[in-house]
Amino acid sequence: MSESISILELMIKDHCKLENLVEDLEKKSKEDFETMYRAFTKFEWELEKHIFTEEKAIFTSYNPEDVAEGYKMLPELTKQHNYILNTLNNWHSDIRKKKMLSDVYSFKEYLVKHREFEEEKVYPKLEESLSDEEKRHIIAKINELV
Ligand SMILES: [Fe+2]
Ligand SMILES: [Fe+2]
């Protein structure tokens, strides 16, 4: 059984995909509505799927060894995800009203910080705390979803 691919590596790939999509949305939010709408729909779908995967397939298995630190990290992560999902919802209703999105740039910056938090703190801690069996199980779930 190959252990060469880690949860972190898989999710970094997905983070790159999302970063390209938000980059594209930022560009297209300065064009016409239809073009922006198509970019938004794709980005929204991929980002919601990503967060669903993280919350339902990955972090539910997190049993931190260092409980104090672990339980500080999870509420922070949830807070950030809620902010992201809220923004998506607001944008979704703007789009329904045929409004152009403004300030995609700030959201893009937020996503970069969120990604760094996950890649530098959350995922390394998570992987430390998992057995190979648990990792295989999670990787299989990720592959179903992303
Ligand atoms: Fe996330
Ligand atoms: Fe993520």
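Conventions we followed
- Residues numbered from 1 in each chain as written.
- Chains lettered and ligands numbered in written order.
- Predicted model: local features only at pLDDT ≥ 70, side-chain atom pairs only at ≥ 80, totals over all residues.
- Heavy atoms only, no water.
- Helix = DSSP H or I, 4+ residues; strand = E, 2+ residues; numbered from the N terminus.
- Buried < 20%, exposed > 50% of the residue type's maximum accessible area, 1.4 Å probe, protein only.
- Lys, Arg positive; Asp, Glu negative; His and termini not counted.
- Salt bridge = Lys/Arg side-chain N within 4 Å of Asp/Glu carboxyl O.
- Polar contact = N/O pair within 3.5 Å; in protein donor to acceptor, adjacent residues only side chain to side chain.
- Contact = heavy atoms within 4.5 Å.
- Donors = N, O, S within 2.8 Å, 3.2 Å for Na, K, Ca; no water.
- Tetrahedral: all angles 85-135°; square planar, octahedral: opposite > 155°, others 65-115°.
- Axes fitted to C-alpha atoms, helices over the stretch in contact; angles between N-to-C directions.
- Parallel < 35°, antiparallel > 145°, perpendicular 65-115°, else oblique.
- Nonpolar A, V, L, I, M, F, W, Y, C, P; charged D, E, K, R; others polar.

> Any chance you could explain the side chain of Glu127 here in plain terms?
Within the secondary structure layout, Glu127 lies in helix 4 (residues 104-129). Buried within the structure, Glu127 lacks any salt-bridge partner; its nearest side chain of opposite charge belongs to Lys135, at an N-O separation of 4.6 Å. Of note is the side chain of Glu127, whose polar atom sits 3.3 Å from the backbone nitrogen of Leu8. Those residues in contact with Glu127 that lie beyond four places of it in its chain are Ser6, Ile7, Leu8 and Lys135.

> What should I look at first to understand the coordination of the iron ion (ligand 2) in this one?
Note on metal geometry: ideal angles are 109.5 degrees for four donors arranged tetrahedrally and 90 or 180 degrees for six donors arranged octahedrally. Within the first shell, the iron ion (ligand 2) binds the protein through His15 (NE2), His50 (NE2), Glu54 (OE) and Glu118 (OE), at distances of 2.0 to 2.2 Å. With four donor atoms in place around the iron ion (ligand 2) and angles of 87 to 175° between them, the coordination shape is irregular. Binding-site remark: the iron ion (ligand 2) is held by donors from one chain whose sequence spacing is H-x34-H-x3-E-x63-E. Between the iron ion (ligand 2) and the iron ion (ligand 1), the interatomic distance is 3.1 Å, and Glu54 donates to each metal, bridging them. Remark: His50 occurs in helix 2 (residues 33-58) and His15 occurs in helix 1 (residues 7-28); sequence separation between them is 35 residues. Residue classification places His50 among the buried positions, given a relative accessible area of 3%.

> Is there a simple way to explain the coordination of the iron ion (ligand 1) in this structure?
The coordination sphere of the iron ion (ligand 1), as far as protein atoms go, consists of Glu54 (OE), His81 (NE2), His114 (NE2) and Glu118 (OE), spread over 2.1 to 2.2 Å. Geometry at the iron ion (ligand 1) is irregular, judged from the four donor atoms that bind it and their angles of 85 to 174° at the metal. Here the donor residues for the iron ion (ligand 1) map to a single chain with the spacing E-x26-H-x32-H-x3-E. Residue His81 is classed as buried on the basis of its relative accessible area, which comes to 0%.

> Honestly, the packing of helix 1 against helix 4 in this entry has me stumped. Any pointers?
In helix packing, the relevant descriptors are the interaxial angle and the interaxial distance, both defined with respect to the helix axes. One can describe the packing of helix 1 onto helix 4 by two numbers: an axis separation of 11 Å at closest approach and a directional angle of 180°. Here helix 4 runs roughly antiparallel to helix 1, going by the angle between their axes. Along its contact with helix 1, which presents Ile7, Leu8, Met11, Ile12, His15, Glu19, Val22, Glu23, Leu25 and Glu26, the element helix 4 presents Val104, Tyr105, Lys108, Leu111, Val112, Arg115, Glu118, Glu119, Tyr123, Leu126 and Glu127. A breakdown of the residues in the contact of helix 1 with helix 4 according to their chemical character gives 12 nonpolar, one polar and eight charged.

> Just to check I follow, could you spell out the environment of Phe117 for this structure?
Checked against the element boundaries, Phe117 lands in helix 4. Classification of Phe117 as buried rests on a relative accessible area of 15%. A sequence separation of 41 residues divides Phe117 from Glu76, and the C-alpha atoms of the two residues are 9.7 Å apart. If near-sequence neighbours (up to four positions away) are discounted, Phe117 is found in contact with Met73, Glu76, Leu77, Gln80 and Val122.

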